[in-house]
Amino acid sequence: AQKITQTQPGMFVQEKEAVTLDCTYDTSDPSYGLFWYKQPSSGEMIFLIYQGSYDQQNATEGRYSLNFQKARKSANLVISASQLGDSAMYFCAYKTGANSKLTFGKGITLSVRP
Amino acid sequence: KAGVTQTPRYLIKTRGQQVTLSCSPISGHRSVSWYQQTPGQGLQFLFEYFSETQRNKGNFPGRFSGRQFSNSRSEMNVSTLELGDSALYLCASSLLTGRRGYEAFFGQGTRLTVV
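Throughout what follows, the structure given in this document is the object of discussion.

Some details on the overall build of chain B
- When its secondary structure is counted, chain B shows 0 helices and 11 strands.
- Secondary structure elements in chain B, listed N-terminal to C-terminal, are β-β-β-β-β-β-β-β-β-β-β.
- Expressed as lengths along the three principal axes of its C-alpha atoms, the size of chain B is roughly 45 × 25 × 25 Å.
- Every one of the 115 residues in chain B was classed for burial, and the buried ones make up 50%.
- A separation of at least 24 residues holds for 52% of the contacts in chain B among residues at least 6 apart in sequence.
- When the accessible area of chain B is evaluated, it comes to approximately 5500 Å², of which 48% is carbon and sulfur surface.

Looking at the overall build of chain A
- In terms of helices and strands, chain A carries 0 helices and 12 strands.
- Element order for chain A, N to C, with α for helix and β for strand: β-β-β-β-β-β-β-β-β-β-β-β.
- Split into buried and exposed, the 114 residues of chain A put 47% on the buried side.
- Restricting to contacts in chain A with at least 6 residues of sequence separation, those with at least 24 account for 54%.

Things to note about the environment of Q68 of chain B
Residues and elements named next belong to chain B.
- Along the polypeptide, Q68 turns up in strand β7 (residues 64-68).
- It is 11 Å that separates the C-alpha atoms of Q68 and F47, two residues lying 21 residues apart in sequence.
- Other than its neighbours up to four places away in sequence, Q68 contacts R30, V32, Y49, F50, S51, E52, T53, R73 and S74.
- At 3.1 Å, the side chain of Q68 and the backbone oxygen of R30 are in polar contact.
- Among the polar contacts listed, one links the side chain of Q68 to the backbone nitrogen of F50, at a separation of 3.4 Å.

A closer look at the interface of chain B and chain A
- Facing 25 residues of chain B, the contacting portion of chain A comprises 20 residues.
- In this assembly, chain B packs against chain A so that about 1900 Å² is buried in total across both faces, 51% of it on carbon and sulfur atoms.
- The interface formed by chain B and chain A contains 0 salt bridges.
- The tally of links between chain B and chain A comes to 3 residue pairs in polar contact (both at pLDDT 80 or more).
- The set of elements that each furnish at least two residues to the side of chain B that touches chain A consists of β4 (31-38), β5 (42-50), β6 (53-57) and β9 (87-94) of chain B.

A short note on the sheet that holds strand β3 (residues 19-24) of chain B
Residue and element names in this part refer to chain B.
- Strand order across the open sheet formed by 4 strands is β1-β3-β8-β7, with antiparallel pairing between neighbours. The sheet is open, and its two borders are formed by β1 (5-7) and β7, each paired with just one other strand. Sheet twist, expressed as the average angle between the axes of neighbouring strands with direction ignored, equals 15°.
- Alignment of β7 against strand β8 (residues 74-78), held across 5 bridges, turns out to be antiparallel. Note on β8: the bridge partner recorded for G66 is M76.

Procedures and definitions
Residues numbered from 1 in each chain as written. Chains lettered and ligands numbered in written order. Predicted model: local features only at pLDDT ≥ 70, side-chain atom pairs only at ≥ 80, totals over all residues. Heavy atoms only, no water. Helix = DSSP H or I, 4+ residues; strand = E, 2+ residues; numbered from the N terminus. Buried < 20%, exposed > 50% of the residue type's maximum accessible area, 1.4 Å probe, protein only. Contact = heavy atoms within 4.5 Å. Areas by Shrake-Rupley, 256 points an atom, 1.4 Å probe, with all protein chains shown as cover. Polar contact = N/O pair within 3.5 Å; in protein donor to acceptor, adjacent residues only side chain to side chain. Buried area = accessible area lost by both parts, 1.4 Å probe. Salt bridge = Lys/Arg side-chain N within 4 Å of Asp/Glu carboxyl O. Pairing = 2+ DSSP bridges. Axes fitted to C-alpha atoms, helices over the stretch in contact; angles between N-to-C directions.

Printed below as a string of structure tokens:
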């Protein structure tokens, strides 16, 4: 069955340091997209970064980069220079096919310490 | 441009009642998807509408239904509410064209409490 896994317990990082949030996925579809979202306590899901399965290079969006290892089926999010405002839940998600359905992992809580 | 708007933000209903939630997508986006988020089950896909047609449906009972209007606005209805329906309901809109067309932009959600 297709699934997406985030197994890390709550993560802590010191302000201004980098942190990696892990995500592995399992799909038999050769064409898929991988997403990371941030959900602060307000509840809104905020798009961070996208990686297509055929993209040759790892995606980057400002302080966010995605370490995409296709053979290992992993799509880890790297946040550089952490800020206090980065404290939130982070969700990895993927989609396949032409529709918009996203399958989400369970999420990881990130706490940034001053 | 305006983001995804969900109304109401908070709702308290009694078991057995029904509820309707509304979602206005980003202008030009024709795909609207709905998700239920609970502490136990996480984020689960409810259904997707595109051009007023339901294209995809998650594994939820028939009490959960939705529709999409010609202006792409979407409503979700839950009939005969149960305590377990208490959740954050999130709506997402997508453009579905272009390289990044599949990005889903979410609203702030409707937090439903069933008592």
